[in-house]
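# Architecture and fold: a report
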Amino acid sequence: MGLSGSAGAASLLVLLGLCAAVSFSTALQPPPVAAPPEMLHESFAGKSEFRTVNRKSLESCLNPSPYLSISVSTGAAPLPDEAFLQVTVAGVLKPGGDDWVAMITPSSSSVSGCPLNGVNYVETGDLAHLPLLCHYPVKAQHLTSDPGYLGCKNAACQQRDASGACRVRTCAATLTFHVVNFRTDVEFVLFSGGFETPCVLKRSGAVPFANPASPLYGHLSSIDSTATSMRLTWVSGDGRPQQVQYGVGKSATSQVTTFTQRDMCGVPVLPSPAKDFGWHDPGYIHSAVMTGLQPSQSYSYRYGSDSVGWSDMIKFRTPPAAGSDELLFVIYGDMGKAPLDPSVEHYIQPGSITVTNAVAKEMQTRKVDSIFHIGDISYATGFLVEWDFFLHLIKPLASQVSYMTAIGNHERDYAESGSVYVTPDSGGECGVAYESYFPMPAVGKDKPWYSIEQGSVHFVVMSTEHAWSKNSEQYNWMSEDLSSVNRSRTPWVIFIGHRPMYSSHAGIPLNVDPNFLASVEPLLLNYKVDLVFFGHVHNYERTCAVYQSKCIGMPKKDASGVDTYDNSNYTAPIHAIVGAGGFNLDKFPKIAERRWSLSRVSEFGYARVHATRTDVLVQSTMEIRDQFRIVKRAPARKLHA
């Protein structure tokens, strides 16, 4: 539901009149302004309490303590590429539960009140009181994170009387903040008044990074099905070409790209977070292709330059080439990130750290060939600094094996962006940040669909956010690609996208678009797609061999009690939702279970998939809660079409 256009225009005129006169406000609560009628008002993803702090006007703190100070554990030294900083607030006369510290970047960011900016957040669906800070704080903590704060366990005497007795006692708190090198300097700001009515008490002063140009967050991806080349993408504050050095004496020079606020999406009158207070300079994205590799082999590499420094030496493994006998990959969606400290942030995906740690352990104990992350990648949603935290989180995974991705609603969707679903879910990023950080072997710019073969599997990766209706460009591409699969080389076809065709979790709006099902599902049946993976819904669910919501084929138990589908006599695709990569879990209804739904698990995790030429074994979640097998007779080997 939204407001009428005339009411919104009137409210905006009122706010424009007040803008020049108001710097701090204690009572101003600008009326909501309607987003354009084509914009839906709800992003349908949970918002943390901290998101509301950007929408609160600031009061002037009354009688702040003259003894206040903020110190950072690095002292005068600049910050390394990653640090857990001890931030100490001292000189507090009356400790309160509403005292908190924000980490902001860059340090020049305004923390004064910007009541007019409240209209910017109407597009996210929050129609509550919307005045906000002039710039987005990266993260924040209440001083009560230090358990001794309210009881003044860390006290200091500021004044003594003639007898030596303390006349003025102050209290202190020490907080831990995790910071990664996002290139711009950092400042810590002390507030009182809580998140609802914040006022500024003290600022720490700027803390810069030692090397803003450091080459960081290198991650790999495949560029074709030969597995003889691999792309490495990394971030640096330096726009000059750098190198990846790999193997024995080999090197490749990077191509350099970036994006600006002008590249972000917005609508007239209402700037998106990405265009406004959520913007953060992404630095430069470097990408270089390592060639002359062999499939299923291990190599070492480092990236950077003599002028900006070099990464550590990292070992990686190429995936198996198309037509080879075996493949082991991990697949999940909807991961995001979570803080490694007690902070609150814009979006927190509580399972993301657990899942990344589990996948890292998986890679240590098994020969994982590749990872597929199928939409809702970082959940930055217009708060660009969060991409750096996400890239840092996945580095132990994505730096060692091919990390393939699909686009989701939180990367692409926005009004007037051409997305199928007109929601504000990308916060104005409109796929620009995603395609910059994760260059896939796609058809073209803003056409993020592709196919690739690894081992015995032909993968088709679509965009559920771009037009998929019959005779659209993507539909025609999917039809052509599926019709050209050489089953003697890759006997298995796995179809991947973000929004599902089948889900027992209803969602608001509905998680399943009947138009999507009607348009694309016939392609899957006609070309005998074996297995379909989707995300978007934050749980795990498996179907029978299903078509038009009816079970066309059912599995049988093998000798080990594992559900087994025999695709030697193909009936229909099996669908699996693997959207439990980190975001808050979606629960299943207690009644009205769908007949096509055979297994449902609501816990964080991923799917492990092992494919040979005659067998695909899928095991779901970190502890195996569901597993199933698809078998078929081995086709005659024919490596060329």
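Look a little higher up for the structure.
Residues numbered from 1 in each chain as written. Predicted model: local features only at pLDDT ≥ 70, side-chain atom pairs only at ≥ 80, totals over all residues. Heavy atoms only, no water.

## A few points about the sheet that holds strand β8 (residues 166-180)
What counts here: For two strands to be treated as a pair, DSSP must find at least two bridges joining them. The helix and strand labels rest on DSSP assignments: H or I over at least four residues marks a helix, E over at least two residues marks a strand, and numbering proceeds from the N terminus. Comment: axis = line fitted to C-alpha atoms, over the contacting stretch for helices; angle = value between 0 and 180 degrees taken between N-to-C directions. Note on contacts: a residue pair is in contact if any heavy atoms of the two residues lie within 4.5 Å.
Overall, antiparallel pairing links the 4 strands, which are arranged β1-β2-β8-β7 in an open sheet. Sheet topology places β1 (69-72) and β7 (155-160) at the edges, where each strand pairs with a single neighbour. The sheet shows a mean angle of 25 degrees between the axes of neighbouring strands, taken without regard to direction. Two elements, β1 and strand β2 (residues 82-92), share 4 bridges in a ladder whose sense is antiparallel. Paired with Ser 71 across the strands is Thr 88, a residue of β2. Docked against the sheet, helix α3 (residues 385-398) engages β2 and β8, running at close to 65 degrees with respect to β8.

## Overview of the pairing of strand β12 (residues 230-236)
Put simply, side chains in a regular strand alternate between the two faces of the sheet. Applied cut-off: Only protein chains enter the accessibility calculation, which uses a 1.4 Å probe; a residue whose area is less than 20% of its type maximum is buried, one above 50% is exposed, and one in between is partly exposed.
Counted residue by residue, β12 has 6 buried out of 7 residues, so it is predominantly covered. Where strand β11 (residues 216-222) and β12 come together, 5 bridges link them in antiparallel fashion. Along β12, the bridge assignment pairs Leu 216 with Val 235. Inspection of the sheet shows β12 paired to strand β16 (residues 284-290) by 7 bridges, in the antiparallel sense. Within β16, the position partnered with Ser 236 by the bridge is Tyr 284.

## Overview of the state of the cysteines
Counted only if it meets this: To count as a disulfide, a pair of cysteine sulfur atoms needs to be within 2.5 Å.
Tallying each qualifying case throughout the model produces 5 disulfides. The partner cysteine of Cys 152 in its disulfide is Cys 171, sulfur to sulfur 1.9 Å. With the S-S dihedral at roughly -105 degrees, the linkage between Cys 152 and Cys 171 falls on the left-handed side. With Cys 152 in the loop between β6 (139-142) and β7 and Cys 171 in strand β8, this residue pair connects regions lying 19 residues apart in the sequence. Here Cys 152 falls in the buried class, since its relative accessible area comes to 7%. With a relative accessible area of 3%, Cys 171 lands in the buried category. Each sulfur of the disulfide joining Cys 544 and Cys 551 lies 2.2 Å from the other. An S-S torsion of about -90 degrees defines the bridge between Cys 544 and Cys 551 as left-handed. Owing to a relative accessible area of 0%, Cys 544 belongs among the buried residues under this scheme.

## A look at the nonpolar core
As a reminder, the rule being used: Take the buried Ala, Val, Leu, Ile, Met, Phe, Trp, Tyr and Cys residues and link them wherever side-chain atoms come within 4.5 Å; each set so joined is a nonpolar core.
Core analysis: the biggest nonpolar cluster contains 97 residues, and Phe 188, Ile 331, Ile 371, Trp 387, Phe 438, Ile 496 and Phe 533 have the highest contact counts within it. When residues in this core are grouped by element, the largest group, 8 residues, is from α3. Non-local contacts of Phe 188, meaning those with residues more than four positions away in its chain, are made with Ile 70, Val 72, Leu 85, Val 87, Val 101, Ala 102, Met 103, Phe 177, Lys 202, Arg 203 and Ser 204. Among the nonpolar cores identified, the runner-up in size contains 25 residues, and Val 485, Val 520, Phe 534 and Trp 596 belong to it.

## What about the packing of helix α2 (residues 352-365) against α3?
Convention followed: For this classification, under 35 degrees means roughly parallel, over 145 means roughly antiparallel, 65 to 115 means roughly perpendicular, and everything else is oblique. Crossings are assigned a handedness: left-handed for a near helix turned anticlockwise from the far helix by less than a right angle, right-handed for a clockwise turn. By the convention adopted, Pro, Cys, Tyr, Trp, Phe, Met, Ile, Leu, Val and Ala count as nonpolar, Lys, Arg, Asp and Glu as charged, and the other residues, Gly among them, as polar.
It is at 9 Å that the axes of α2 and α3 come closest, and there the two elements cross at 15 degrees. Overall, the two elements α2 and α3 adopt an arrangement that is roughly parallel. As α2 packs across α3, the resulting crossing turns out to be left-handed. In this structure, α2 contributes Ser 352, Ile 353, Thr 356, Val 359, Ala 360 and Met 363 to the contact, and α3 contributes Leu 393, Pro 396 and Leu 397. Each residue belonging to the contact of α2 with α3 can be placed in one class, and the counts come to 7 nonpolar, 2 polar and no charged.

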